[in-house]
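Structural overview for review
Residue strings, one per chain:
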Amino acid sequence: MTTFCLLQISLVLLCTTKISTLDCNILPLLQNKVIQGSLHLLNQMGQQFPEQCQSEKMHFKFPEQFLKLRQKENAKVEIQEILQQTFYIFTKNLTLAAWDGRSLERFQNGLNQQIEHLEACLIEKKQPYSRSEEIIRLKLKKYFQKIDNFLKHKQYSLCSWEIIRLEIRRCLQFIDKVIRRLRN
């Protein structure tokens, strides 16, 4: 059963390399499947949250304005920003993270492919960011800077990475909510 799920996720992630030739209007459907695959890989990377890390939990305040986006183009910009920042975080010093390397690599590759596709769709539109988009992008950058600072402060410890893995799961779930809402 696990092998079958992995095969499906791998196929979805591999197919995303070909997505750039597809119409960007079907992005929400594709993005939803890829986000689900990324969530699955994020869960597979590690075990349950370690008991020794329970006392170190930290709450990062996700910019709630993101959930209120009404236009697909705005959502694409914000989703791209979240994915880029997530990719950046997951290319940091991962030596103390006791995660499955293959799942981590597939997670990183999937993020990169999603970013590339969103960039291709956004380049087609070639519109400057609106003021509201820019404000949300800056808030997202500030949010991810807090995550980055937390990792640095905790010296990229096992517990800090596990906390970040939980937080990134929340981010991907936020993206999933926005995509589902915009699809309807």
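Each value, and the rule that gives it
- Residues numbered from 1 in each chain as written.
- Predicted model: local features only at pLDDT ≥ 70, side-chain atom pairs only at ≥ 80, totals over all residues.
- Heavy atoms only, no water.
- Helix = DSSP H or I, 4+ residues; strand = E, 2+ residues; numbered from the N terminus.
- Buried < 20%, exposed > 50% of the residue type's maximum accessible area, 1.4 Å probe, protein only.
- Contact = heavy atoms within 4.5 Å.
- Areas by Shrake-Rupley, 256 points an atom, 1.4 Å probe, with all protein chains shown as cover.
- Disulfide = S-S within 2.5 Å.
- Phe/Tyr/Trp six-rings, centres within 6.5 Å; stacked < 30°, edge-to-face > 60°.

For the protein, the count of helices and strands is 6 helices and 0 strands. In the protein, the order of α-helices and β-strands from amino to carboxyl end is α-α-α-α-α-α. When burial is assessed residue by residue, the protein has 48% of its 184 residues classed as buried. Contacts spanning at least 24 positions in sequence make up 86% of the contacts within the protein whose residues lie at least 6 apart. Per element, the accessible surface of the protein, about 10,100 Å² overall, is 53% carbon and sulfur.

Positioned with a positive phi, Gln 155 is a non-glycine residue whose angle comes to about 55°. Topologically, Gln 155 is positioned in the loop between α5 (131–153) and α6 (158–183). Here Gln 155 falls in the exposed class, since its relative accessible area comes to 62%. With phi around 55°, Tyr 156 is a residue other than glycine that occupies positive phi space. Locating Tyr 156 in the fold gives a position in the loop between α5 and α6. A residue is classified by how much of its surface remains accessible, and Tyr 156, at 13% relative accessible area, is buried.

The subject of this paragraph is the state of the cysteines. In total, this model carries 1 disulfide according to the counting rule given. What pairs with Cys 53 in a disulfide is Cys 159, and their sulfur atoms sit 2.0 Å apart. Between Cys 53 and Cys 159 the disulfide shows an S-S torsion of about -80°. By sign, it is left-handed. Of the two residues, Cys 53 sits in the loop between α2 (27–45) and α3 (72–89) while Cys 159 sits in helix α6, which places them 106 residues apart along the sequence.

Turning to the packing of aromatic side chains, a few remarks are in order. Each aromatic ring pair is summarised here by two numbers: the centre-to-centre distance and the angle between the ring planes. A complete count under the given rule lists 9 aromatic pairs for this structure. A centroid spacing of 5.7 Å and a plane angle of 25° characterise the contact between Phe 90 and Trp 99, whose relative ring orientation is stacked. Overall, Trp 99 belongs to the buried group, its relative accessible area being 11%. Note on Phe 90 and Phe 107: the rings are 5.1 Å apart at their centroids and 70° apart in plane angle, and the pair reads as edge-to-face. Of this pair, Phe 90 sits in the loop between α3 and α4 (101–125) while Phe 107 sits in helix α4, placing them 17 residues apart in sequence. For Phe 90, a relative accessible area of 0% corresponds to the buried category. The class for Phe 107 is buried, based on a relative accessible area of 0%. Put simply, the rings of Phe 90, Trp 99, Phe 107, Tyr 156 and Trp 161 pair up and form one aromatic cluster.

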